[in-house]
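Now for the letters of each chain:
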Amino acid sequence: MLEDIWIYLVLAVVVIGGGAVALFRGRGGKPRDLPPGSGASGGARSGTATLDTDTDTDGAAGPVAPPEADTDTTAQPTAVEPTEPEAPALEHPEPAAGRLVRLRERLARSGALGSTLLRLLSRGDISEADWEEIEETLLLADIGAGPTDELMQALRTRVKVLGTTDPERVRDILREELLTLVDPGMDRRLAASPVVGDDGEPHPATILMVGVNGTGKTTTVGKLARLLVAEDRDVLLGAADTFRAAAADQLATWGERVGVPVVRSDRDGADPAAVAFDAVKAGREAGVDVVLIDTAGRLQNKAGLMDELGKIKRVVARQAPVAEVLLVLDATTGQNGMRQAQVFADVVDVTGIVLTKLDGTAKGGIVVAVQRELGVPVKFVGLGEGPDDLAPFDPKGFVDALVA
């Protein structure tokens, strides 16, 4: 009996021991390898064991099968390239021809001069008092004393010789005499084509824009750039007005609208001559047709500032010949504008005049006076506030508008 009990105990030990060995060895009788990354070092674990989740049909734990490679290339995600923000569309300035169409109707608003003269000259018997009123009308229109005397003598002679009071005939006489004063024979073309310098190299046409604060000079530079772009010219702007904080930003805005680059200083109060020099140098390297340089609006009684304007011109001339110096005048300032014009002409040899605000508020006679005083032509007139309201001056259209 006791022997049977011992036999059962031995068999139980054998069975229990064999199961423990099987559990330790696992399937196939070999010890399991630890999963990669388990943190084991040598024979000790420092991490958490990873459990297998795959099972055989008999429920025994088995190794994890490697995932099958995905061979479906059609479902691969497509990389999205970053997109740059779209640049604003460039504006297309109106050609000069379209602006000239508007010249007469805009200038007709300042036709008080012509209407007054026609009314007086059309009287059957012009008295001396009428002639005095005609003279006063001409002087108030800012034509100037000298041109007024010439026009008075011509009108007196022709009206007396013809002895006519017919309004149409009188209008023709007035138109002819006014056109003579405006002088249609003056060369009003803008030097806007590249030239060959003394060094034999091509240079852009360099144009200095000068004038007193408040005349709309920087705005005029932007409008002139638009006009040149409309004529298929390559233009570069130089922001040499470094004393007015907003001037360079204002000019840059004008340039951006039509795709014209702007050379400017990175700080306020920089040397304007240096900025102008860099602008012309950049224009030469880029091969542009025209470089427009905006200068600070200077008071004519500030000798130091006027000397600096002369310096700008001298420094620019080292890079390229100065093709034009355009003086921007407010057409509403009358004889005060004349005094400004004289001082600027003495400093930088003005080659042309741009009259702003000649859109109905001006008296009109300043065109005659400034040309007679400086001996240079009015080349452009500002006809309004729009970006394309700058037009080449047309003497015949101007006179026709006055006597319309």
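A brief report on the enclosed structure follows. (Residues numbered from 1 in each chain as written. Predicted model: local features only at pLDDT ≥ 70, side-chain atom pairs only at ≥ 80, totals over all residues. Heavy atoms only, no water.)

**Considerations on the layout of surface pockets**
Quick reminder of the rule: The definitions used throughout rest on a 1 Å grid laid over the protein atoms alone, on which a cavity is an enclosed set of points accommodating a 1.4 Å probe that cannot get out and a pocket is an open set flanked by protein within 12 Å on both sides along at least five of seven lines; lining residues are those having an atom within 4 Å of a point. Grid points are joined across faces, edges and corners, and a volume is the space filled by probe spheres set on the points. The helix and strand labels rest on DSSP assignments: H or I over at least four residues marks a helix, E over at least two residues marks a strand, and numbering proceeds from the N terminus. Note that Gly is not counted as nonpolar here; it falls among the polar residues with everything else outside the nonpolar set of Ala, Val, Leu, Ile, Met, Phe, Trp, Tyr, Cys and Pro and the charged set of Asp, Glu, Lys and Arg.
Estimated volume of the second largest pocket: approximately 210 Å³. The wall of the second largest pocket is formed by 14 residues, among which Thr219, Lys223, Thr356, Gly384 and Glu385 lie closest to the centre. The biggest single contributor to the lining of the second largest pocket is helix α7 (residues 217-230), with three residues. The class makeup of the residues in the lining of the second largest pocket is three nonpolar, seven polar and four charged.

**Examining the nonpolar core**
Definition in use: By convention a nonpolar core is built from buried Ala, Val, Leu, Ile, Met, Phe, Trp, Tyr and Cys residues, the set being connected through side-chain atoms within 4.5 Å. Partly exposed residues are those whose accessible area sits between 20% and 50% of the maximum for their type, while under 20% is buried and over 50% is exposed, using a 1.4 Å probe and protein chains only. In what follows, a contact means two residues having at least one pair of non-hydrogen atoms within 4.5 Å.
Ranked by size, the top nonpolar core spans 68 residues in total, and within it Leu121, Val350, Ile353 and Leu355 carry the most contacts. Not counting the four nearest positions on each side in its chain, isoleucine 353 is found in contact with Leu327, Leu329, Val370, Leu374, Val376, Pro377, Val378, Lys379 and Phe380. Judged by nonpolar contacts, the second largest core, of 24 residues, contains Leu227, Val260, Leu326 and Val328.

**Here's the deal with empty space enclosed by the protein**
Tallied over the entire structure, the rule returns one cavity of 30 Å³ or more. Along the walls of the largest cavity sit Leu113, Ile143, Leu178, Val182, Gly364, Gly365, Val368, Phe398 and Leu402, which together make up its complete lining. Listed by contribution, the elements that provide at least two residues to the lining of the largest cavity are α6 (167-182) and α13 (395-402). When grouped by side-chain class, the residues that make up the lining of the largest cavity number seven nonpolar, two polar and no charged.

**A word on the packing of aromatic side chains**
The condition that has to hold: Pairs were defined over the aromatic rings of Phe, Tyr and Trp, the Trp ring being its six-membered one, requiring ring centres within 6.5 Å. Orientation was assigned from the angle between planes: stacked under 30 degrees, edge-to-face over 60, tilted for the rest. Distance and angle both matter: a charge sits over a ring if NZ of Lys or CZ of Arg is within 6 Å of the ring centre and within 35 degrees of the ring normal.
For the structure shown, the criterion picks out one aromatic pair. Measuring from centroid to centroid gives 5.4 Å for phenylalanine 393 and phenylalanine 398, while their planes differ by 55°, and the two rings are tilted. Look at phenylalanine 398 and you get buried, because its relative accessible area is 1%. Across from the ring centre of tryptophan 254, 5.2 Å away, lies the NZ or CZ of arginine 257, which sits over that ring.

**Here's the deal with the side chain of threonine 242**
To keep it simple, the criterion reads: For the purposes of these results, a polar contact is taken to be a pair of N or O atoms within 3.5 Å, where, inside protein, one atom must be able to donate a hydrogen and its partner to accept one; residues adjacent in sequence count only when each atom of the pair is a side-chain atom.
Looking at the secondary structure, you find threonine 242 in the loop between β4 (235-240) and α8 (247-258). At 2.7 Å, the side chain of threonine 242 and the backbone oxygen of alanine 270 are in polar contact.

**Section: helix α11 (residues 335-348)**
Side chains three or four residues apart in an α-helix point the same way, a direct result of the helix having 3.6 residues per turn. The cut-off we apply is this: One fewer than the residue count of a helix, multiplied by 1.5 Å, yields its expected span. Read the arc as the range of directions from the helix axis to the C-beta atoms.
Spanning 14 residues, α11 covers 20 Å between terminal C-alpha atoms, matching the ideal 20 Å at 1.5 Å per step. Residues of α11 that are buried: Gly337, Met338, Gln340, Ala341, Phe344, Ala345 and Val348. Buried residues of α11, seen end-on, are gathered within an arc of 160° and therefore sit on one face of the element. A positive phi of about 55° marks aspartate 349, the residue just after α11.

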